[in-house]
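This is what each chain is made of:
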Amino acid sequence: MDKLLIITLILAILVMSSVAFAEFATTKVFFNIPQVTSFAIAMPDTYAGAQNFSITATTLASANSTDFVSFNATAPASWVQPSAAGSFTRNQSGNATPIFQIMNLGNVNITINMTLNDSGTFALQGLNVSVNATTTGGNLACGNKLPGGAVGANETARNLTNSSFTTLIFNLTPTATAACKVNVTMWGFINSGVTPGEYAGNLITNSSKT
Amino acid sequence: MAAKDTNKKILITIGLFAVLAGFGFLAAYSQLNPTGQAIAQSGSRPKYCDENGCIPNEVFESIPSYPDGLDIIRTNTLIGRYSVFENFAAVAPLCKKWNSDFSQCLDFTSDRNYYLQPEFYSTTWFGAGYTFYTGLGNSSFVGSYVNVLGISSFPNAVVATPQSDSPIKSGTDLRVVTYISAGWGVRNYQGVHLDVFYPVQGKVAAGTLFEVKQDPDVVKNYFDVKISPQEFVLGRSLPTFETKDGGCRPIGSYQQPCEDWTRKVEVLVHINENTPPGKYLIGITPATVSKTNETRWTNTYGFRYYTFTGFAVEPALYSIFVEVQ
């Protein structure tokens, strides 16, 4: 019986060792990088704090707030500034009020690219990207760098197409650590008028008359 | 007498075996209690305030109640405690009591209690995240910009390296998990299609620097990658963090289907035959949503729906670094 005890103990140790080693063997293969990649695109909207809890409309026509970007023109026009469909109070106003503000909400630097989903019946005549941060010796304070030739101290003109992605900005630092927001202003060239009420569902390609 | 002694020894043997088995089990699941100390149950969400006001409770009305053990799980995620980012409930204090059915602790679905909490993404939530919500409880607060689109991944990368007992070579299958969320304060539903691509280069610091330079046209033949789910709708993160089963604020009089604001995404990587040893990088990025789903979701969510295709980031939304032997 003493032999039984010894054998059982040895078996128990062997069994438990294998279980423990199996666990370690599987846990060491993967090393997750516990960082967050995150960004968000904001549009102009003046709202009271609690307003977001009460979206009242059920159709686009009656919507009190939409986020479609609209270049409005019933006839060919140049340098048309976009606004949020259905609300001309939410329009772009040059570089002072860009149609998009892009924020890095993660904790790693990211390069942000943008494309058009569909050029539709208009073309972008101009796309300007700037960063609301100051420059120091040619480098932006928030650690990023705009591609292409700089138009101003911290802005650059870019072409935007629907055939490929265009880099808006390199290595944008997280908003939480520096107040770095990428301002995107766009100007459209409308080569033909759009039927009133027409719209498309894409964020940046709508060419509707609202 | 001899029979009694024999029985006694058998009982002692069984008892010792049970004790050892218990220690063995604890060793195997050592991550259940890495410090060996009792962990306080928090169980209540902190109050968040800043100069704009305090976050109203309504913001959290759709997500599961603040779970026990979130704090320690958060720490474990940040120190790389998990090989695969799942099964969080197994380390929760509730399951440390050992007085209930332990199998419940291994229920993967209970992970929803954790990854649907904004605090799970602690480094960014406690940074800029919560500030998007403090004004919601303050009627005098006036915002000037609102987030209409945004996406997030956590973890944003994983490094798979071979070990002596776990080789990574031709024929090996790897399974990794990340969480894709709506960005902070995004008020629209977003159709997301995730696709695979192979960057020209990339690097990550995982103890030592793991650097990759590769020819995408060649490397694409080395792997078969399956993403699940590959195409889905992200629920809104404003005005509430929405969940599929917890409800969501209706759009006017129309109660639209609710969706989770965060989705658990599993990626299966199969290393094909004849893949040469080396370091490789697989990227996961948003791509074009199928026309069928885009139409369906546009009809479902109307002017509160967007397809996430206009923007992309580098490095990839989720990067998988693999060292093949």
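Within every chain, residues take consecutive numbers counted from 1 along the sequence as written. For this description, chains carry letters from A and ligands carry numbers from 1, given in the order in which they are written. Only residues with pLDDT of at least 70 are given local features in this predicted model, and only at 80 or more are side-chain atom pairs given and counted; all residues enter the totals for whole chains, interfaces and linings. Hydrogens and waters are ignored; side-chain quantities use all the structure's heavy atoms.

With that settled, consider the overall build of chain A. The helix count covers DSSP runs of H or I at least four residues long, the strand count covers runs of E at least two residues long, and both are numbered beginning at the N terminus. Across its full length, chain A carries one helix and 14 strands. Residue burial in chain A is summarised as follows: out of 210 residues, 50% are buried. Here, two residues are considered to be in contact whenever any of their heavy atoms come within 4.5 Å of each other. Summarising the internal contacts of chain A: among those between residues at least 6 apart in sequence, 72% fall at separations of at least 24. Surface accessibility in these figures is a Shrake-Rupley result with a 1.4 Å probe; residues are shielded only by whichever protein chains are displayed. Counting every atom, chain A has about 9000 Å² of accessible surface; 58% of that belongs to carbon and sulfur. Note on exposure labels: buried denotes an accessible area under 20% of the residue type's maximum, exposed denotes more than 50%, and partly exposed covers the range between, all computed with a 1.4 Å probe on protein chains only.

Moving on to the sheet that holds strand β13 (residues 166-172) of chain A. Strand order in the open sheet made by the three strands is β13(A)-β8(A)-β14(B), with antiparallel pairing throughout. The sheet is open, and its two edges are formed by β13 of chain A together with β14 (311-314) of chain B, each paired on a single side. Strand-to-strand twist across the sheet, computed as the mean angle between neighbouring axes with direction ignored, equals 20°. Pairing between strands is defined by DSSP: at least two bridges between them are needed. Relative to β14(B), strand β8 (residues 110-114) of chain A runs antiparallel, the two sharing four bridges. What sits directly across from Ile112(A), in β14(B), is Val313(B). The axes used here are C-alpha line fits, helices contributing only the stretch in contact, and every angle between their N-to-C directions lies in the interval 0 to 180 degrees.

On to unusual backbone geometry, then. The omega torsion across Ser228(B) and Pro229(B) is -5°, close enough to zero to call that bond cis. Here Pro229(B) lies in the loop between β9 (223-228) and β10 (231-234). With an omega dihedral of -5°, the bond running from Glu314(B) to Pro315(B) counts as a cis peptide bond. As for its placement among the helices and strands, Pro315(B) is situated in the loop between β14 and β15 (318-324). A positive phi is found at Asn171(A), a non-glycine position, where the angle reads about 50°. Locating Asn171(A) in the fold gives a position in strand β13. With phi around 65°, Asn274(B) is a residue other than glycine that occupies positive phi space. For Asn274(B), the location among the structural elements is in the loop between β11 (262-271) and β12 (278-287). Overall, Asn274(B) belongs to the exposed group, its relative accessible area being 71%.

With that out of the way, let us pick up the confidence of the model for chain B. All names here are of chain B. The predictor's confidence in any single residue is recorded as pLDDT, a number from 0 to 100. Model confidence for chain B is summarised by a mean pLDDT of 83, while 80% of its residues fall at 70 or above. Contacts of residues 19-42 to residues separated by more than four positions or lying in other chains number 35 contacts, the stretch itself having pLDDT below 50. Among the scores for the predicted complex, ipTM is 0.81 and pTM is 0.81.

We now examine the side chain of Thr134(B). Residues and elements named next belong to chain B. Note on placement: Thr 134 falls in the loop between α5 (122-125) and β3 (142-154). Within the structure, Thr 134 has its side chain in polar contact with the side chain of Asp 50 (distance 2.9 Å). Thr 134 has contacts with Tyr 48, Cys 49, Asp 50, Asn 52, Gly 53, Cys 54 and Ile 55, leaving out every residue within four places of it along the chain. Here a polar contact is recorded for every N or O atom pair within 3.5 Å, except that within protein the pair must consist of a potential hydrogen donor and a potential acceptor, and residues adjacent in sequence are included only if both atoms are side-chain atoms.

Residue and element names in this part refer to chain B. A pair of cysteine sulfur atoms is labelled a disulfide when the two atoms are within 2.5 Å. Scanning the model with the defined rule gives two disulfides over all chains in all. The disulfide that involves Cys 49 links it to Cys 54, with 1.9 Å between the sulfurs. The S-S bond linking Cys 49 to Cys 54 shows a torsion near 105°; that makes this disulfide right-handed. Overall, Cys 54 belongs to the partly exposed group, its relative accessible area being 32%. Covalent S-S linkage joins Cys 248 and Cys 258, the inter-sulfur distance amounting to 2.2 Å. Taking the sign of the S-S torsion, -80° for the link of Cys 248 and Cys 258, the bridge is left-handed. Of this pair, Cys 248 sits in the loop between β10 and β11 while Cys 258 sits in the loop between β10 and β11, placing them 10 residues apart in sequence. Taking relative accessible area as the criterion, Cys 248 reaches 10% and is therefore assigned buried.

All names here are of chain B. Where strand β6 (residues 189-197) lies against strand β13 (residues 305-307), three bridges are found, and the strand directions are parallel. Residue pairing in the sheet places Tyr 189 in a bridge with Tyr 305 of β13. Sheet topology note: the β6/β10 ladder contains four bridges and is antiparallel. The partner of His 193 across the bridge, within β10, is Glu 231.

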